[in-house]
Structures are given as C-alpha cells and as structure tokens.
Amino acid sequence: MLALGKLLELTLAGREPAQKIQSTVDGVQMRWLSEGALEVRPPEARDNGSDLLLSSGIHGNETAPIELLDRLLHGIARGEIKPRTRILFLFGNPEAMRRGERYLELDVNRLFNGRHEKNIGPEAMRAAELEQLARSFFSQPGRSRLHYDLHTAIRGSKIEQFALYPWKDGRQHSRRELARLNAAGMEAVLLQNKTSITFTAFTYEQLDAEAFTLELGKARPFGQNQGVNVSRLELRLKQIIEGTEPETDSLDGLKLFAVSREVIKHSDAFLLHLPADVENFSELEKGFLLAEDVAKTRWVIEEEGARIIFPNPKVKNGLRAGILIVPTTDAGLA
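(A) Representation of the overall build of the chain. Across its full length, the chain carries seven helices and 16 strands. Taken against the 2.2 N^0.38 rule, which gives 20 Å for 334 residues, the C-alpha radius of gyration of the chain at 20 Å falls within 12% of a compact globule. Along the longest, intermediate and shortest principal axes, the C-alpha atoms of the chain span 65 × 45 × 40 Å. Residues counted as buried form 55% of the 334 residues belonging to the chain. Summed over all atoms, the accessible surface of the chain reaches about 14,500 Å², with 48% contributed by carbon and sulfur. Averaging the coordinates of the 44 positive side-chain charges in the chain and doing the same for the 47 negative ones gives two points 1 Å apart.

(B) Focus on the sheet that holds strand E14 (residues 297–300). Reading across the sheet, the three strands line up as E11-E13-E14 and stay open at both edges, with antiparallel pairing between neighbours. Strands with a single pairing partner mark the edges of an open sheet, and in this sheet they are strand E11 (271–272) and E14. Direction of pairing for strand E13 (residues 289–293) relative to E14: antiparallel, over a ladder of four bridges. The residue of E14 that forms the bridge with alanine 291 is tryptophan 299.

(C) Seen up close, the pattern of salt bridges. Counted by the stated rule, this structure contains 29 salt bridges. For glutamate 95, the salt bridge identified is with arginine 98, shortest N-O distance 3.1 Å. Placement of the pair is glutamate 95 and arginine 98 together in helix H3 (residues 94–99), with a separation of three residues, close to one helical turn. On the accessibility criterion, glutamate 95 (28% relative accessible area) is partly exposed. The shortest N-O distance in the salt bridge between aspartate 107 and arginine 102 comes to 3.9 Å. What makes aspartate 107 buried here is its relative accessible area of 14%. Within the structure, one salt-bridge network assembled from shared partners comprises Arg31, Glu39, Arg41, Asp47, Asp51, Arg86 and Arg143.

(D) Highlighting the layout of surface pockets. The space that makes up the largest pocket amounts to roughly 840 Å³. The set of elements that each furnish at least two residues to the lining of the largest pocket consists of strand E6 (144–153), helix H6 (199–207) and strand E9 (210–218). No other element matches E6, which puts three residues into the lining of the largest pocket. When its residues are assigned to classes, the lining of the largest pocket shows 18 nonpolar, 13 polar and ten charged. Of the pockets and cavities examined, the second largest pocket occupies roughly 260 Å³. Lining of the second largest pocket is provided by 18 residues; of these, Ser50, Ser144, Arg176, Arg180 and Glu245 occupy positions nearest its centre. For the lining of the second largest pocket, the secondary structure elements donating two or more residues are strand E4 (50–56), E6, helix H5 (175–183) and helix H7 (231–242). For the lining of the second largest pocket, the per-class residue count stands at three nonpolar, seven polar and eight charged.

What counts, and at which threshold
- Residues numbered from 1 in each chain as written.
- Predicted model: local features only at pLDDT ≥ 70, side-chain atom pairs only at ≥ 80, totals over all residues.
- Heavy atoms only, no water.
- Helix = DSSP H or I, 4+ residues; strand = E, 2+ residues; numbered from the N terminus.
- Rg over C-alpha atoms; globule rule 2.2 N^0.38 Å.
- Buried < 20%, exposed > 50% of the residue type's maximum accessible area, 1.4 Å probe, protein only.
- Areas by Shrake-Rupley, 256 points an atom, 1.4 Å probe, with all protein chains shown as cover.
- Lys, Arg positive; Asp, Glu negative; His and termini not counted.
- Charge placed at Lys NZ, Arg CZ, Asp CG, Glu CD.
- Pairing = 2+ DSSP bridges.
- Salt bridge = Lys/Arg side-chain N within 4 Å of Asp/Glu carboxyl O.
- 1 Å grid on protein atoms, 1.4 Å probe; cavity = no way out; pocket = protein on both sides within 12 Å on 5 of 7 lines; lining within 4 Å.
- Points joined across faces, edges and corners; volume = space filled by probe spheres on them.
- Nonpolar A, V, L, I, M, F, W, Y, C, P; charged D, E, K, R; others polar.

Structure representation (structure tokens):
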C-alpha cells in the first residue's frame with residue numbers, strides 16, 4: 001500500500017510524509033497538502049468531472065467517521081477502489097484527534113463563514129485553513145461539487161443516522177441529493193432555513209457545493225465503533241468515487257424536518273429543562289417550558305410535533321444550545 005494511504009496514521013503521529021506525491025500502478029495520484037489533508041486525483045482519461053470533499057474529525061473524538069475515511073483511503077492506496085472523481089480527504093482537528101477530545105478550546109464547527117476571524121488560537125487558524133483548502137479544491141469551473149462532513153453525536157438519538165442540509169437564499173434543496181442520502185442509509189434530513197457557521201454551510205453558501213453534515217451515531221473511542229453501522233454509507237461513497245452509483249429518486253421512508261427555532265444561550269444563568277441524557281429527536285409537548293435565561297427569556301413549546309436536537313446547555317454564551325424542529329414535506333424541492 002502507498003504510504004500516503006496511511007494519512008490517519010501520519011496525522012495521529014503528527015508527522016509529515018517523506019514523499020508528498022505518490023501514484024498507484026493504475027495512475028491515481030495522491031498528494032499530501034497539509035496536516036490531515038490529502039487530494040486524490042484519477043487519471044485524466046478516467047476523470048468524470050466530479051469533485052468530492054470528505055471531511056471528518058472536525059470534532060476529534062468522533063472516531064467512526066475517521067475510521068470510515070481511513071478505510072476508503074486504504075482501498076484507494078491498494079488499488080482496490082479505482083476513483084473516477086477527484087477527492088479531498090480532510091481530518092479537521094488533528095490535535096483534538098490525538099487527545100481524543102471533541103475540541104481543545106473552540107468548537108471548530110462553529111468557526112466558519114467568517115467566524116474564525118473573530119477568534120484567536122490554533123482552532124480558529126485551522127478553520128481558516130480548512131476554508132482555504134476547500135476553496136482551492138472547489139475552484140475548477142464546470143465540475144459537480146459534493147461535500148459530506150461526517151460526525152457522530154455527543155448523545156444518543158431516537159433517529160440514529162441523519163443529515164443536516166444547509167440553506168442559501170434563492171437556492172432550492174435538491175430532491176436528487178436527498179434520494180442519494182436515503183440510499184446511503186440516512187433516516188432523516190433536517191432542511192435548514194437560515195445561514196449558519198458550520199463547515200458545510202461554508203461550502204454550500206460560498207462554494208456552491210451540495211453539502212451535508214451527516215450524523216452517524218454516538219461518539220465512541222477509536223476501535224470501539226462496532227455499534228455504528230455505516231455499511232450503506234460506505235458502499236454509496238465507494239460507488240460515488242468509482243462512478244458506479246445507481247440512479248435513484250426514491251424518498252420512501254426518509255423523514256424530513258424543518259427548523260422551527262434555535263435556542264440561544266445568552267448568559268451563565270441559562271437553564272435547559274431537559275434530562276442530561278435526553279436523546280436527539282425527543283418529542284416535546286405543547287406548553288412545555290424548555291429553557292430560561294436572563295431578562296425573563298423563556299422558550300415555551302408552541303409547535304405541533306416539536307422535537308429537540310443537539311441540546312447542550314454547556315455551550316459558550318451566544319451559541320446555540322439546541323434546535324427545535326418540526327416535520328415537513330418534500331414540497332419545494334428542486
């Protein structure tokens with residue numbers, strides 16, 4: 001196997017490869033760009049005009065997605081997976097990966113779309129570097145652009161695997177992309193309705209990629225991800241990479257949700273009236289007092305069928321402490 005196929009091993013060891021560019025026997029070029037960043041380029045005759053960005057480790061303790069990208073890279077480096085698409089593999093927060101922590105000082109996935117410019121430290125610098133790597137990768141005109149940012153969640157979930165689809169004014173969500181996610185094993189998709197500061201929001205809004213944050217289960221340490229079943233996603237990614245993906249437009253069984261409100265923590269007085277172990281997609285009854293904050297700020301459930309995702313009262317002041325979502329339909333898809 002080519003040494004560059006061991007990107008994860010190099011990243012965890014904090015080492016640069018001796019050779020920055022290598023090629024497989026059938027002409028696939030692997031090029032080391034920066035710590036945790038590797039570009040894969042198929043031979044020109046096999047290039048199908050698509051660009052695929054695969055990122056994981058934006059939170060360093062989310063190991064199942066990291067291991068999935070590692071398997072794909074090994075397959076390419078051994079010649080078992082034969083790419084027809086350009087791919088950029090990114091491990092987002094290498095130092096947090098080495099420490100087995102979600103992040104060191106700042107949540108990297110809250111530092112995009114200009115947010116890193118308002119902060120200092122290595123994670124703000126890394127977010128800026130990730131933006132530049134993505135911008136450079138998606139700079140070639142006339143090519144399709146797809147970004148999957150792979151995560152696992154802090155907590156359990158009543159819907160195990162789901163996706164978040166960013167929003168941009170004047171741009172419609174794609175039915176074809178939702179069908180692709182359905183085929184890849186996603187059980188639900190949250191259709192967002194406002195701009196955001198995540199990595200996929202940046203690539204969707206600024207670089208015109210189709211971009212999705214994929215939540216694949218609960219975060220566990222390296223080597224303990226037997227309970228995280230990513231087999232359908234792994235198969236679909238191999239098919240996208242090799243250009244053998246079967247066409248599908250079926251949304252059968254896929255649950256769609258829309259954002260109703262975000263719960264923003266304004267101060268240290270913030271209280272979230274949910275158990276510490278509450279699961280994502282837990283339903284909330286109308287009239288329930290969800291949260292309180294300074295100046296008599298109260299979040300009371302008014303929506304029919306409301307559910308909560310990403311509840312986290314420990315976030316920094318000014319950040320989102322949860323999202324209220326409601327079921328929606330596929331009306332308005334492009």
